[in-house]
Amino acid sequence: MSEHLLIEQSAGILTLTMNRPDKKNALTQNMYGAMADAISAAQDDSAVRAIVIQGSTSCFTSGNDVGDFINSPRSGTDSPVYRFLRAICNAEKPLIAAVNGPAVGIGTTMLLHCDLVYVADNARLKMPFVNLGLCPEAGSSFLLPRLLGHLRAAELLLLGEEVSGQRATEIGLANQALPTGEAVLQAARQAAVRLTEQPPGSLKLTKQLIKEGVTQVAEQTMDAEGAHFTKLLAGPEAREALTAFMEKRKAVFANH
Ligand code: COA
């Protein structure tokens, strides 16, 4: 349970709403844990036919809580963040994301595990792992080049380039860009309703077939990335970058 994650289930749709507005929905261990539990429970619940992950009408998520990165870094594959990543990677039910505003770090990499992604015109997708002295996670070093090709993946991962909602649809990171706000949440909801009306056996098999061969490699990549990520988090580059964010200053790597 987490006070910062709203969980609602109705008419076959499980909706997970990240709700920590004062920190731009930055994800805490409790939030990851609650999302992992809800998605895993839905796997065996025939009443759930589709899962929607959303933030508010102005913000999806600013990614992992930076304070947590510094004070209680993720450790081991049993940690809540890895449970969450494994849950979305292995989810048999369709995952739909509704993205308004910023989707930083895991806010973008989680989208690579979704089946349908609706973004706002003002969406800002960004994976600043290198900028933070870290490395890709969530299997993104495998999934992103597979989806976008090497050059675009390199642009997003090496430079930490930001992608607008419109651009996300052009390069294949999202299905549709919509006016910012309720329209994005509604589009995700409507897609979820349509999925609840599909025959569940065929839906499940088709998702399985689409992801055949991908899930296993994504999970292996996730484990390899995770080991590097944990080491880098404790290193001097990440310390400088994360402390700079907390101190609201530009990070300096000249002496690194
Ligand atoms: N972890 C912890 N706190 C965060 C956070 C995060 N990931 N993202 C934002 N916040 C906090 C800010 O510190 C600020 O707190 P304060 O009001 O106590 O000073 C508050 O949320 C609002 O953020 P702010 O930066 O003022 O909002 P903005 O609209 O100008 O920018 C973002 C929004 C998401 C673009 C920006 O906050 C950002 O880049 N966040 C960091 C993202 C990040 O690096 N995540 C890790 C990726 S691996």
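Residues numbered from 1 in each chain as written. Predicted model: local features only at pLDDT ≥ 70, side-chain atom pairs only at ≥ 80, totals over all residues. Heavy atoms only, no water.

S.K.: Just checking my understanding: could you explain the site of the ligand for this structure?
M.R.: The environment of the ligand is made up of 17 residues, and the closest members are Lys-23, Ser-62, Asn-64, Val-66 and Lys-248. Asp-22 is positioned with one of its backbone polar atoms (N or O) 3.4 Å from an oxygen atom of the ligand. One nitrogen or oxygen atom from the main chain of Val-66 is found 2.8 Å from a nitrogen atom belonging to the ligand. Out of a free accessible area of 870 Å², the ligand has 68% covered by protein chains. Judged by its atoms lying within 2 Å of the grid points, the ligand is housed in the largest pocket. For the shell around the ligand, the secondary-structure elements that each account for two or more residues are helix 2 (66–71) and strand 5 (102–104). (Near = heavy atom within 4 Å. Polar contact = N/O pair within 3.5 Å; in protein donor to acceptor, adjacent residues only side chain to side chain. Areas by Shrake-Rupley, 256 points an atom, 1.4 Å probe, with all protein chains shown as cover. 1 Å grid on protein atoms, 1.4 Å probe; cavity = no way out; pocket = protein on both sides within 12 Å on 5 of 7 lines; lining within 4 Å. Sits in = over half its atoms within 2 Å of the grid points. Helix = DSSP H or I, 4+ residues; strand = E, 2+ residues; numbered from the N terminus.)

S.K.: Just to check I follow, could you spell out the pairing of strand 2 (residues 13–18) for this structure?
M.R.: Remember that side chains alternate between the two faces of the sheet whenever the strand is regular. Burial analysis of strand 2 places six of its six residues in the buried class, the great majority of the element. Here strand 2 shows two buried faces, one formed by Ile-13, Thr-15 and Thr-17 and the other by Leu-14, Leu-16 and Met-18. Across six bridges, the pairing between strand 1 (residues 5–10) and strand 2 is antiparallel. Its bridge partner being in strand 2, Leu-5 is matched across the sheet by Met-18. In sequence, strand 1 turns back onto strand 2 through a hairpin of two residues, with Ala-11 there showing a positive phi of about 50°. Chirality of the crossover, the property in question, places the unit of strand 2, helix 1 (residues 29–43) and strand 3 (residues 50–54) among those that are right-handed. (Buried < 20%, exposed > 50% of the residue type's maximum accessible area, 1.4 Å probe, protein only. Pairing = 2+ DSSP bridges. Right-handed = clockwise from strand over helix to strand, strands pointing away.)

S.K.: Please explain the pattern of salt bridges as it appears in this structure.
M.R.: Should the charged atoms of two oppositely charged side chains come close, the side chains can pair. The final tally for this structure, using the stated rule, is eight salt bridges. Here Glu-92 ties to Lys-204 by a salt bridge, and the two come within 3.4 Å at their closest N and O atoms. Taken together, the residues Glu-92 in the loop between helix 3 (80–90) and strand 4 (95–99) and Lys-204 in helix 9 (residues 200–210) connect sequence positions 112 residues apart. Its salt-bridge partner being Arg-249, residue Glu-247 comes within 2.8 Å of it at the nearest N-O pair. A residue is classified by how much of its surface remains accessible, and Arg-249, at 36% relative accessible area, is partly exposed. (Salt bridge = Lys/Arg side-chain N within 4 Å of Asp/Glu carboxyl O.)

S.K.: Help me out: how do you make sense of the nonpolar core in this one?
M.R.: As a rule of thumb, nonpolar side chains are buried together in soluble globular proteins. Counting 65 residues, the largest nonpolar core has Phe-84 and Val-99 as its most contacted members. By residue number, the principal contributor to this core is helix 1, which donates eight residues. Look past the residues within four positions of Phe-84 in its chain and what remains in contact with it is Tyr-32, Met-35, Ala-36, Ile-39, Ile-106 and Met-110. Counting residues in each nonpolar core, the second largest holds 16 residues, with Ile-13, Tyr-118, Leu-185 and Ala-188 among its members. (Core = buried A, V, L, I, M, F, W, Y, C linked by side-chain atoms within 4.5 Å. Contact = heavy atoms within 4.5 Å.)

S.K.: Could you clarify how one ought to interpret the packing of helix 1 against helix 3 in this entry?
M.R.: Angle between the axes and distance between the axes are the two parameters that describe a pair of packed helices. Between helix 1 and helix 3, the least distance of the axes is 8 Å, while the angle of their chain directions is 30°. Considering their axes alone, helix 1 and helix 3 lie roughly parallel with respect to each other. Seen along the crossing, helix 1 lies across helix 3 with a hand that is left-handed. Residue-level inspection shows Gln-29, Tyr-32, Gly-33, Met-35, Ala-36, Asp-37, Ile-39, Ser-40 and Gln-43 of helix 1 in contact with helix 3, the latter providing Pro-80, Val-81, Arg-83, Phe-84, Ala-87, Ile-88 and Asn-90. For the contact of helix 1 with helix 3, the class distribution of residues is nine nonpolar, five polar and two charged. (Axes fitted to C-alpha atoms, helices over the stretch in contact; angles between N-to-C directions. Parallel < 35°, antiparallel > 145°, perpendicular 65-115°, else oblique. Left-handed = near helix turned anticlockwise from the far one by under 90°. Nonpolar A, V, L, I, M, F, W, Y, C, P; charged D, E, K, R; others polar.)

S.K.: Can you help me understand unusual backbone geometry in this one?
M.R.: Comment: phi is negative for the bulk of residues other than glycine, and the bulk of peptide bonds are trans. In this structure, Asn-25 is a non-glycine residue whose phi angle is positive, near 60°. Note that Asn-25 resides in the loop between strand 2 and helix 1. Phi is positive for Ala-138, close to 65°, though the residue is something other than glycine. In this structure, Ala-138 sits in the loop between strand 7 (124–126) and helix 5 (140–148).

S.K.: How do you make sense of the sheet that holds strand 5 when you look at a structure like this?
M.R.: What links the strands of a sheet is backbone hydrogen bonding, and the strands pair in either a parallel or an antiparallel sense. Overall, mixed pairing links the three strands, which are arranged 5-7-8 in an open sheet. Each of the sheet's edge strands pairs with one partner strand only, and the pair in question is strand 5 and strand 8 (163–164). Relative to strand 8, strand 7 is paired through two bridges, and the arrangement is antiparallel. The residue bridging Leu-125 from the neighbouring strand is Val-163, located in strand 8.

S.K.: Sorry if this is basic, but what is going on with the side chain of Thr-28 here?
M.R.: Within the secondary structure layout, Thr-28 lies in the loop between strand 2 and helix 1. Judged by relative accessible area, Thr-28 falls into the buried class, the value being 13%. If we ignore the near neighbours within four places in the chain, the residues touching Thr-28 are Arg-20, Asp-65 and Asp-68.

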